[in-house]
Amino acid sequence: MNLTKATLILDDESRYEGFSFGAEHSITGEVVFNTAMSGYPESLTDPSYAGQLMVLTYPLIGNYGVPSQAVGADGISVFMESERIHAEAIIISDYSFECNHWNAVDTLADWLKRENIPGIFGIDTRALTKRLREHGVMMGKIEIQAGATPIQSFNPSTPQSFDYSSVNFVDRVSCKEIITYNDAPGRKRVVLVDCGVKHNIIRCLKKRDLTVVRVPWDYDFNGLDYDGLFISNGPGDPDTCDVAVQNIRRALAGTKPICGICMGNQLLGKAGGATIYKLKYGHRSHNQPVRMVGTNKCYITSQNHGYAVDNESLGADWEPLFINMNDGTNEGIRHRTKPFFSSQFHPEACSGPTDTEFIFDRFTKMLHEA
């Protein structure tokens, strides 16, 4: 088997040699790690990974292939979290060239090549993750050996020349027009602010018999007729989304229920007056323990974020709702008197865990009680 050599270069000049199994071109992005044992199709199509090189710590990837990219009658992917891959590249230890699964229609390698996404295997991902955890999130560059197509998404000459936080990735992945799902008389209408929404959020809302009105991240929804507001996950720095913050801030003057997830937690926090800061290496795993404040209830959650709400900056009307048990960072907020709340983790997580899907039930109950 003829394999093309590929190298990951971090901005501290450390190098990791491996082999290409995806599209063969160079790419630059923020290097982050994911500890999930399964769910690579869902992670790759999660818009929150836009602009990032995804390192998977689980050693064997590709053994169950890739499911169909079929789209349902409502325009939502049947198995994926969006219509395409959003991660800039995938970096793994061992790639399984053989796959076997009941719904596999393609190999991971063929899918990556079709969508022009680089992939590297043969990397010591445990050592790479250890370096990221010691140093913090770093920029990185994948270089393919001479002869490959020299394409780079951000046209950098070095990893350091691309400033991840300066790009409004939310604008890149958000829908460009209003899309309505599950519309029928008598149903509660939820405006979904699309900051890079995962399709399973839409599925979870539809499953609860709600009409979902999906709007672009910067759309002023305050003039619409709706019963509740839902703010989705999304990629990048929340400070690039001030238009959305201002729209949410106007909604806070009312009493219609509001719920946010991940980026939605941060934007709701900013709208309420809190400050946001960048985490050293972020939370990107499927096993983060989170405690509900005021209780002894602890949940295992799926997470994918690099920024957090500063608990100390919450105003008098707000309080933490969830706290990360590993590092004490904020995992959700709630208003003390109004039906506004959010989670930093993903209650809709696909491929799991689903311990916290009750958040959608709580939001739905608020809609019917308003």
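Below is a short write-up of the structure. (Residues numbered from 1 in each chain as written. Predicted model: local features only at pLDDT ≥ 70, side-chain atom pairs only at ≥ 80, totals over all residues. Heavy atoms only, no water.)

**Considerations on the side chain of serine 96**
- Residue position: serine 96 is located in the loop between β8 (94-95) and β9 (104-106).
- For serine 96, the side chain forms a polar contact with the main-chain oxygen of glutamate 98, separated by 2.5 Å.
- The residues touching serine 96, leaving out its near neighbours within four places in the chain, are Leu60, Ile61, Gly62 and Asn63. (Helix = DSSP H or I, 4+ residues; strand = E, 2+ residues; numbered from the N terminus. Polar contact = N/O pair within 3.5 Å; in protein donor to acceptor, adjacent residues only side chain to side chain. Contact = heavy atoms within 4.5 Å.)

**Some words on the environment of proline 235**
- With respect to the helices, strands and loops of the structure, proline 235 is situated in the loop between β15 (228-231) and α6 (242-251).
- In this structure, the C-alpha to C-alpha distance between proline 235 and tyrosine 49, residues 186 residues apart in sequence, is 6.1 Å.
- Ignoring any residue separated from it by four or fewer positions in sequence, one finds proline 235 in contact with Pro47, Ser48, Ala50, Tyr164, Phe169, Val170, Val173, Cys195 and Met263.

**Details of the packing of α6 against helix α7 (residues 263-271)**
- Interhelical geometry of α6 versus α7 gives an angle of 65° and a closest axis separation of 8 Å. Crossing handedness for the pair α6 and α7: right-handed. The segment α6 lies against α7, with Ala244, Val245, Ile248 and Arg249 engaging Leu267, Leu268, Lys270 and Ala271.
- Here the contact of α6 with α7 is built from residues that sort into six nonpolar, no polar and two charged. (Axes fitted to C-alpha atoms, helices over the stretch in contact; angles between N-to-C directions. Left-handed = near helix turned anticlockwise from the far one by under 90°. Nonpolar A, V, L, I, M, F, W, Y, C, P; charged D, E, K, R; others polar.)

**Some details on the sheet that holds strand β7 (residues 89-91)**
- Ordered in space as β1-β2-β10-β7-β4-β3-β11, the seven strands form a closed barrel in which the pairing is mixed. Recorded for the sheet is a direction-independent mean angle of 35° between the axes of neighbouring strands.
- When strand β3 (residues 27-34) meets strand β11 (residues 138-144), the two strands line up antiparallel, connected through five bridges. Paired with threonine 28 across the strands is lysine 141, a residue of β11. (Pairing = 2+ DSSP bridges.)

Function-wise, these values are silent; they only describe arrangement.
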